[in-house]
Amino acid sequence: GKEKEKKKADKNSQSVDTMLIDGAHAPIYPLIAHQIISKLHITEGVAIDVGAGPASLSVAMARLSDLKIYAMDISAEVIQIAQESMEKEGLENRIKLVHGDVHQMPFPHDFADLVFSRGSMFFWKDLPTAFREIYRVLKPGGSAYVGGGFGSAEVKEKVKPQFERDPPNSIPKIPIDTLEKAVLKAGINDYTLINDDSGLWVLFKKRNQISI
Ligand code: SAM
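What counts, and where the lines are drawn
Per chain, residues are indexed from 1 in the order of the written sequence. Reporting in this predicted model follows two pLDDT cut-offs: at least 70 for local features of residues, and 80 or more for side-chain atom pairs to be given and counted; totals over whole chains, interfaces and linings ignore these cut-offs and use all residues. With hydrogens and water set aside, each side-chain value is computed from the structure's full complement of heavy atoms. A run of H or I in DSSP counts as a helix once it spans at least four residues, and a run of E counts as a strand once it spans at least two, with each numbered from the N terminus. Contacts are residue-level and defined by heavy atoms, with any inter-residue pair within 4.5 Å sufficient. All accessible areas in this document rest on Shrake-Rupley with a 1.4 Å probe, and a residue is counted as covered only by the protein chains that are shown. What makes a salt bridge here is a side-chain nitrogen of Lys or Arg within 4 Å of a carboxyl oxygen of Asp or Glu, nothing more. A simple rule labels every residue: compare its accessible area, found with a 1.4 Å probe on the protein chains alone, to the largest value its type can have, and call it buried under 20%, exposed over 50%, or partly exposed in between.

A. Structural view of the overall build of the chain. Secondary structure summary: the chain contains seven helices and seven strands in total. For the chain, the α and β elements follow one another from N to C terminus as α-α-β-α-β-α-β-β-α-β-α-α-β-β. In the chain, the proportion of contacts linking residues at least 24 apart, taken out of those at least 6 apart, comes to 74%. When the accessible area of the chain is evaluated, it comes to approximately 11200 Å², of which 52% is carbon and sulfur surface.

Given below as C-alpha cells:
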C-alpha cells in the first residue's frame with residue numbers, strides 16, 4: 001500500500017539525491033550548460049530538458065540563464081524526486097517537472113525556444129519519432145541540443161571511475177551514422193553533428209515560418 005510505496009520512493013530518493021548533490025559527475029553539468037549557451041546563445045524564453053533525470057542539467061542551465069525550464073522524464077519516480085530537490089534548491093519557480101515520453105511529448109507545437117537533452121537519446125526506442133517530436137515542440141527559430149557526453153576529456157577522466165563503479169550509470173552508445181540517419185529520417189536537413197571530447201551531440205534549428 002502507501003507505506004510500501006513511500007519506502008520505495010525514499011530508497012530511490014537517496015540514490016538520486018546523491019547523484020545530484022555529491023555525484024562525481026556533478027562538474028559535467030555546468031560545463032555542458034556553458035557549451036549549450038555559447039553555441040546557441042539562447043538565455044531566455046522556454047526550454048525543455050528531455051530525459052532530465054534528477055534535473056542536474058536543468059539546474060545548471062537555470063543558473064546560467066533566465067530560461068523557464070520544463071524538465072521532462074518518462075520515469076514518474078524520478079520526476080517526484082527531482083521535484084523535491086528543486087524545492088530544496090529554491091528553483092521550483094524556474095524548473096517545472098513534467099512526466100512525459102519523448103516520443104509523444106505533452107507540449108503544444110511551437111512551444112520551446114530551446115530543447116536540450118543529455119544522456120537520454122541512447123534509451124529512446126524510435127529516434128526519428130523522437131527527433132520529429134522535438135522539432136514539433138520547438139518554436140520557429142528555436143534550437144535543439146541533444147546527445148550525451150561529459151563536456152571535456154578532463155571532466156570525463158575525473159568522473160569516469162564513478163561510472164565504471166556504478167554500471168547502471170554507464171550509457172549505451174549510438175554510432176554517429178545511425179544518429180545522422182535518424183535526424184534525416186525525421187525530415188531535419190539543417191543540423192550539425194558534434195563528435196569530440198564534449199561527447200556526441202546533434203544540434204538543429206527549426207526553420208522560421210516563411211511569410212508570403
Ligand atoms: N539528463 C540526465 C543527466 O544527464 O544526468 C539523466 C540522464 S539518464 C542517463 C537518462 C534519462 O532518460 C532517465 O532519467 C530516463 O528515465 C530518461 N528516459 C529514457 N527514455 C525516455 C523517454 N522515452 N522519454 C523521456 N525520458 C526518457
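Alright, that's what it looks like, and here's the rest.
B. Representation of the pattern of salt bridges within the structure. This structure, assessed with the given rule, holds five salt bridges. The shortest N-O distance in the salt bridge between Arg63 and Glu89 comes to 2.7 Å. With Arg63 in helix H3 (residues 56-64) and Glu89 in helix H4 (residues 76-89), the pair connects residues that are 26 residues apart, well separated along the chain. When its relative accessible area of 57% is taken as the criterion, Arg63 is described as exposed. Across the salt bridge formed by Lys181 and Asp177, the nearest N and O atoms sit 3.9 Å from each other. Of this pair, Lys181 and Asp177 both sit in helix H7 (residues 176-185), four residues apart, roughly one helical turn. Residue class for Lys181 comes out exposed when judged on its relative accessible area of 57%. Judged by its relative accessible area of 43%, Asp177 falls in the partly exposed class.

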